[in-house]
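Residue-level structural notes
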Amino acid sequence: MRFPILIAILLLSAAIRACGAEPHEVVFNEIYYDPPEKTKAVRFVELYNRSERSDDLSGWKVSGAIQFSFPTGAKIDPHGYAVIAENPETFKKEFTKDGLGPFTGTLGKHGASLTLRDASGVEIDKIEFAGGFPWPTAAAGGGASMEKINPALPSDNPGSWRSSGVQPKFTEGKTTGDRSDKTKIRATPGRPNASYIEETPPIVDQVAHTPLEPRAGQALIVGARVRAEHGIKSVTLEHQIVEPGAYTPRDDEAFERGWQPVSMHDDGKDGDARAGDGIYTAVLPAALSLNRRLIRYRIVAEDNLGAKVRVPYSDDESPDFAAFIYNGEPEWSGSIEPGKAPPLNFPTALMRTLPSLILLANRKDVEESQWNTAAIKKKFRGTLIAEGRVYDNIQFHNRGQGSTYVAGKNKWGFKFNRGRDYDARDMWGRKFAHGWDTLPMTACASPWVQSNRGMAGLDEAVSFRLYELAGVLSPRVRHVQYRIVASAEEAPKDNQFGGDLWGLYLEIEEPNGSFLATRNLPEGNVYRIGGGQGDRKHQARDQPADGSDWNHFRDESAHDQPEQWWRSNLDLPAFYAFHAINCLVGNVDLREGDNHYYYHRPDGHWSVIPWDLDMMFIPMGHQSGRIEQDRCLKIPALRIEYQNRCRELVDLLCSDAAPNGGQAAQLVDELATHVHPREFPLAWPELDECLWDYHPHTSEKGAFYRNPVPGGPDHNFTRTLSTPDFFGFAKFIADYCTDARPKSAWRLNDGDPKGYGFGYLRDEAKDADIPDRPAIAAIGPPQFPINDLRFRCSPYVSPKGAASAAEQWRLGEISAPGIRGYVTGQPRKYEIEEVWSSLATAPFAAEIKLPPEALRPGATYRARVRVKDATGRWSHWSEPAQFAAGQ
């Protein structure tokens with residue numbers, strides 16, 4: 001059988017690069033870019049001179065991720081080395097070698113691009129490398145440098161490089177070198193590379209299979225690009241079948257058994273796309289492709305002199321490549337209470353509305369991890385499949401502090417192998433700029449608040465998004481369906497709890513290095529705060545490694561400080577928004593020293609990050625709901641700034657209760673449709689109810705949608721839903737965040753969820769001395785052409801007679817079903833996401849013309865204006881002038 005088109009798509013794509021030119025005589029030879037101790041300035045780039053003559057390096061430059069210009073008189077001896085150090089003094093202490101430098105710029109774990117040019121600007125050598133296969137992986141934070149195995153090889157070819165101390169030889173089925181993180185030889189600056197080999201083995205630098213998401217009955221085509229200086233004797237595909245329910249982790253002795261060899265060829269026959277193109281192909285027959293089966297594979301290449309190489313390399317924490325055969329998510333049936341309630345059917349069309357996260361593991365490991373209290377945080381091995389990509393031999397564990405085993409449906413955590421980060425996506429399927437090396441996943445089970453059972457994760461998803469909309473650094477989340485392949489049967493007819501389907505879960509972005517990189521934030525320490533201590537989740541290069549920066553900030557901020565201290569140490573705008581949203585969403589489990597993160601910016605400011613949001617929308621106190629840094633609000637000037645921000649959030653985030661009004665109620669509606677598409681009478685919340693309301697491991701059975709019921713962790717108010725279902729919960733949350741009780745006064749801890757968060761935020765904003773709220777009126781043409789958008793503001797009025805200090809205009813876009821300009825399937829837009837704003841100008845000007853470049857014809861906008869008095873108090877924003885922009 002021939003598959004020329006498929007194999008062409010597989011490997012003859014943009015991923016396949018040219019071989020690379022013959023290397024120059026001075027070449028990149030070793031790069032130490034990601035040492036385990038991030039604060040040590042020991043990174044370096046080494047050059048090697050392949051020639052028999054000395055080279056004058058005066059005026060030569062290295063550019064790209066780092067920048068360095070060689071000083072006058074610099075030279076490199078024949079077969080000699082020149083090392084450019086991040087910090088020459090630290091480098092000499094570490095390696096007892098002299099180095100040039102320092103260089104500027106950064107070498108980080110995600111790889112880099114480097115170019116070497118001579119004094120006349122001619123390119124001498126170039127490399128663009130990454131932290132995972134086909135590049136060596138132990139060099140990405142595993143303690144090793146990245147070395148060229150022979151300086152005669154091209155620098156831009158990944159197969160030219162290995163992690164320091166890992167020899168590329170292959171003998172008797174095993175690759176020499178150390179497979180663990182503790183590489184035997186860490187780095188070799190200024191001397192021959194530990195990975196050097198005279199007769200270089202074949203280079204295998206691209207491996208892939210097609211179809212990328214194979215189904216049962218489809219042949220699996222595996223291709224690899226292979227080259228060898230001494231010609232290729234053979235290329236072999238070794239594959240291993242892993243049956244559902246018979247998972248074998250790499251640390252099991254059985255892992256090395258059962259690998260079957262298949263010859264790969266480059267002759268243009270039997271699946272190979274083109275003869276002689278360097279791409280070797282093997283076809284695994286369709287009979288091997290059975291639903292839910294994992295096929296692992298690795299490539300062994302041998303040249304005509306007997307030198308062998310196997311990929312993945314021995315330093316790779318993923319010892320194989322893999323394909324998962326899957327026919328997609330089938331329909332599912334289950335009863336809310338088996339034996340007492342009729343089964344409900346959930347069709348295939350629904351099952352395909354949420355992305356799948358599939359774990360392959362041993363059942364005993366899954367059960368021990370989730371329900372054995374002695375196994376808290378214990379690591380187990382499994383294989384995770386997401387978006388068709390296989391993450392083989394990763395680690396999984398349970399998550400949580402006090403809530404780990406409370407609900408029965410518990411939290412999960414995954415740790416990915418070095419260089420094989422998780423390709424995370426947001427709620428709308430958009431890929432993050434940087435992969436995740438860890439994946440925290442909550443169970444949508446509100447473990448301490450069983451009165452919220454059935455919210456389907458809206459408590460966390462809505463809250464995290466509200467923080468983000470308000471300007472807080474907040475994790476992003478995504479609902480997924482979770483499946484575990486741990487038995488031979490996918491869906492046993494006699495046990496609805498015994499199949500693959502585990503129901504609805506929520507992926508949460510962990511605040512760490514990739515969190516910062518995705519937002520283009522500068523490197524800084526990130527701490528998870530618990531018990532008053534800071535658990536460091538990310539270590540910045542230029543910040544303390546012993547936690548002393550957090551300890552100092554915690555101790556100092558636990559006491560009253562002058563205004564300037566707070567301005568110099570705390571990211572006040574972010575803190576104001578964080579404190580305000582805590583009130584809006586009822587974050588009652590927040591407390592001093594617990595349940596949040598902090599990011600220490602390089603400029604010295606600390607930014608708070610929300611975390612642990614599974615105890616929300618509660619109109620009674622539980623923990624304090626505050627953190628130590630709240631004491632900054634005792635400073636009058638800072639209190640005024642905070643109240644100004646609260647008024648903004650009341651106006652721009654909470655004042656419109658329409659599901660398409662560009663504010664909090666719209667957000668609830670948007671996220672609710674992710675888990676309960678309106679075209680299905682039964683969806684994920686009801687499916688989750690069937691799986692977990694009476695699951696044998698559920699601690700409080702029958703908790704879903706009880707109505708009314710004592711609410712909150714302390715059962716000290718009555719929680720009543722308008723309807724005892726998921727949509728009743730969605731309305732409950734929307735009512736909590738908007739003005740749902742205009743006839744009833746708000747009081748702290750009054751136990752009435754309707755309008756409680758809105759009332760709390762409005763109470764925080766209250767100030768009798770603010771200027772009167774202005775009114776806005778459109779005075780341009782009625783078609784609202786973007787080049788003639790004019791508005792007028794009513795006269796300034798202050799009840800206390802304070803003088804006018806400034807006015808400000810703003811523009812926000814809204815987008816939702818039923819609103820002109822909305823695009824189906826795209827994220828909705830919210831008024832608080834500023835499109836344009838004027839400066840806070842003085843003196844008062846009654847009219848403004850909006851800049852046309854800020855708008856798009858056909859989109860819907862809200863314009864507002866506010867005024868400020870001489871004491872620094874802003875009025876409320878005006879009621880909006882809403883319009884669809886014309887041509």
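The structure presented is a predicted model; accordingly, all values stated were derived computationally and were not measured. (Residues numbered from 1 in each chain as written. Predicted model: local features only at pLDDT ≥ 70, side-chain atom pairs only at ≥ 80, totals over all residues. Heavy atoms only, no water.)

1. Considering the overall build of the protein
For the record, the criterion: Numbering of helices and strands starts at the N terminus; helices are DSSP runs of H or I of at least 4 residues and strands are runs of E of at least 2. The size measure is the radius of gyration over C-alpha atoms, and the globule rule it meets is 2.2 Å times the number of residues to the 0.38 power. Each residue gets one of three labels from its accessible area relative to the maximum for its type: buried under 20%, exposed over 50%, partly exposed in between, using a 1.4 Å probe on protein chains only. By the convention used here, residues are in contact when the closest approach between their heavy atoms is within 4.5 Å. We treat Lys and Arg as the positive residues and Asp and Glu as the negative residues; His and chain ends play no part in the count. To locate a charge, take atom NZ for lysine, CZ for arginine, CG for aspartate or CD for glutamate.
Looking only at helices and strands, one finds 14 helices and 44 strands in the protein. In terms of overall size, the protein behaves like a compact globule, its C-alpha atoms giving a radius of gyration of 31 Å where 887 residues would be expected to give roughly 29 Å. Projected onto its principal axes, the C-alpha positions of the protein cover 90 × 80 × 55 Å. For the protein, the residues scored as buried account for 59% of the 887 residues in total. Long-range contacts, defined as pairs at least 24 residues apart, comprise 69% of the intrachain contacts of the protein with a sequence gap of at least 6. Of the charged side chains in the protein, 103 are positive and 118 negative, and the gap between their average positions amounts to 2 Å.

2. Details of the side chain of serine 878
Its place among the elements puts serine 878 in the loop between strand E43 (860–869) and strand E44 (881–884). Its relative accessible area of 0% is what places serine 878 among the buried residues. If sequence neighbours within four positions are ignored, serine 878 has contacts with Arg773, Pro774, Ala775, Ile776, Arg864 and Val865.

3. With respect to the nonpolar core
The line we're drawing: Nonpolar cores were defined as sets of buried Ala, Val, Leu, Ile, Met, Phe, Trp, Tyr and Cys residues, with membership established by side-chain atoms within 4.5 Å.
With 130 residues, the main nonpolar core has Leu357, Trp412, Phe414, Leu466, Tyr482 and Phe617 as its most contacted residues. The biggest single contributor to this core is helix H9 (residues 572–585), with 10 residues. Contacts of phenylalanine 414, omitting those with residues within four sequence positions, involve Leu357, Leu359, Leu384, Ile394, Gln395, Phe396, His397, Asp437, Thr438, Leu439, Met441 and Tyr482. Ranked by size, the runner-up nonpolar core spans 29 residues in total, among them Phe28, Tyr33, Phe129 and Trp161.

4. A short note on helix H11 (residues 664–675)
Structurally, the α-helix is built with 3.6 residues per turn, so residues lying three or four positions apart point the same way. The following threshold applies: One less than the residue count of a helix, multiplied by 1.5 Å, gives the span that helix is expected to have.
For H11, which comprises 12 residues, the first-to-last C-alpha distance of 17 Å matches the rise-based estimate of 16 Å (1.5 Å per residue) to within 8%. Across the 12 residues that make up H11, a large majority, 11, are buried. Turning to H11, the residues buried within the fold contact helix H5 (458–469), strand E30 (477–485), strand E31 (501–508), helix H10 (636–654), helix H12 (684–692) and helix H13 (726–737).

5. Observations concerning the confidence of the model for the protein
Worth spelling out the cut-off: Confidence of the predictor in every single residue is expressed as pLDDT, which spans 0 to 100.
In the predicted model, the protein carries a mean pLDDT of 93, and 95% of its residues have values of at least 70. With pLDDT under 50 throughout, residues 1–21 is counted as low confidence; its partners more than four residues away or in other chains account for 52 contacts. Considering only residues more than four positions removed or in separate chains, one finds that residues 169–184, a stretch of pLDDT under 50, has 34 contacts.

6. Details of unusual backbone geometry
A cis amide bond links phenylalanine 133 with the next residue in sequence, proline 134, at an omega value of 15°. Not every positive phi belongs to a glycine, and threonine 96 is a case in point at roughly 50°. Here threonine 96 shows up in the loop between helix H2 (88–95) and strand E8 (104–105). On the accessibility criterion, threonine 96 (66% relative accessible area) is exposed. Despite not being glycine, glutamate 387 shows a phi value in the positive range, around 55°.

7. Topic: the packing of aromatic side chains
Definition in use: Ring pairs are drawn from Phe, Tyr and Trp, using the six-membered ring of Trp, whenever the two centres fall within 6.5 Å, and their geometry is named by plane angle: stacked under 30 degrees, edge-to-face over 60, tilted for the rest. For a ring to carry a charge above it, either NZ of a lysine or CZ of an arginine must fall within 6 Å of the ring centroid while also lying within 35 degrees of the normal to the ring plane.
This structure, assessed with the given rule, holds 56 aromatic pairs. Ring centres 6.2 Å apart and planes at 55° place the aromatic pair tyrosine 576 and tyrosine 642 in the tilted group. Residue tyrosine 576 is found in helix H9, and its partner tyrosine 642 is found in helix H10; the two are separated by 66 residues along the sequence. Pair check on accessibility: tyrosine 576 and tyrosine 642 agree, each one buried. In this structure an aromatic cluster arises from ring pairing among Trp371, Phe380, Phe396, Trp412, Phe414, Tyr482, Trp502, Tyr505 and Trp692. When the ring centre of tyrosine 505 is taken as origin, the NZ or CZ atom of lysine 409, which lies over that ring, is 4.5 Å away. The positively charged end of arginine 866 is found above the aromatic ring belonging to tryptophan 874, 3.9 Å away from the centroid.

8. Brief notes about the pattern of salt bridges
Selection criterion: Throughout this description, the term salt bridge denotes a Lys or Arg side-chain nitrogen within 4 Å of a carboxyl oxygen of Asp or Glu.
In this structure the tally under the stated criterion is 68 salt bridges. A salt bridge links arginine 541 to aspartate 542; its shortest N-O distance comes to 3.9 Å. Judged by its relative accessible area of 68%, aspartate 542 falls in the exposed class. A salt bridge links arginine 741 to aspartate 752; the shortest N-O distance between them is 3.3 Å. Here arginine 741, found in the loop between H13 and helix H14 (756–765), pairs with aspartate 752, found in the loop between H13 and H14; they are 11 residues apart in sequence, far enough to count as distant. Salt bridges sharing partners connect three or more residues here, namely Glu37, Lys40, Glu94 and Arg186.

9. A short note on the side chain of arginine 483
Spelled out, the test is: Pairs of N or O atoms within 3.5 Å make up the polar contacts considered here, provided that, within protein, one atom can donate a hydrogen while the other can accept it, and that residues adjacent in sequence are counted only when both atoms are side-chain atoms.
Within the secondary structure, arginine 483 is located in strand E30. Although arginine 483 is buried, it forms no salt bridge, and the closest oppositely charged side chain is glutamate 490 at an N-O distance of 4.3 Å. A distance of 3.0 Å separates a polar atom in the side chain of arginine 483 from a polar atom in the side chain of glutamine 481. Those residues within four positions of arginine 483 in sequence are excluded, and the remaining contacts are Tyr326, Glu329, Pro330, Met351, Ser356, Leu357, Ile358, Leu359, Glu490, Asp500, Leu501 and Trp502.

10. A few points about the state of the cysteines
Rules: Disulfide assignment relies on a single distance test, namely cysteine sulfur atoms paired within 2.5 Å.
Summed over all chains, the structure comprises zero disulfides. We note that cysteine 654 lacks a disulfide partner, and the nearest cysteine sulfur, in cysteine 737, lies 6.4 Å from it. On the basis of relative accessibility, which here comes to 1%, the residue cysteine 737 falls in the buried class.

11. Details of the environment of glycine 780
Relative to the helices and strands, glycine 780 resides in the loop between strand E38 (776–778) and strand E39 (790–793). Of the residues examined, glycine 780 reaches a relative accessible area of 26% and is grouped as partly exposed. For the pair glycine 780 and phenylalanine 396, spaced 384 residues apart in the sequence, the C-alpha separation amounts to 60 Å. Setting aside residues up to four positions removed in sequence, glycine 780 forms contacts with Asp788 and Arg790.

12. Structural notes on the pairing of strand E27 (residues 389–398)
Our working definition: In short, DSSP must find at least two bridges between two strands for them to pair.
In terms of residue burial, E27 counts as a mostly covered element, since eight of its 10 residues are buried. Strand direction decides the pairing type here: strand E26 (residues 380–386) and E27, joined by six bridges, are antiparallel. Its bridge partner lying in E27, leucine 384 is registered against tyrosine 391. Linkage of E26 to E27, two consecutive antiparallel strands, is achieved through a turn of two residues, within which glutamate 387 is found at a positive phi near 55°. The pairing of E27 with strand E28 (residues 412–415) spans four bridges and is classified as antiparallel. When the sheet's bridge partners are listed, asparagine 398 is paired in E28 with tryptophan 412.

13. A look at the sheet that holds E26
Selection criterion: As a rule, the C-alpha atoms of each element are fitted with a line to give its axis, helices using only the stretch in contact, and angles between N-to-C directions run from 0 to 180 degrees.
One closed barrel accounts for seven strands, arranged E25-E26-E27-E28-E29-E31-E30; its pairing is mixed. Neighbour-to-neighbour, the strand axes of this sheet turn through a mean angle of 40°, independent of strand direction. Sitting on the sheet, helix H4 (residues 363–371) is in contact with E26, E27, E28, E30 and E31, with an inclination near 40° to E27. Seen against the sheet, H12 touches E30 and E31 and runs at an angle of roughly 120° to E31.

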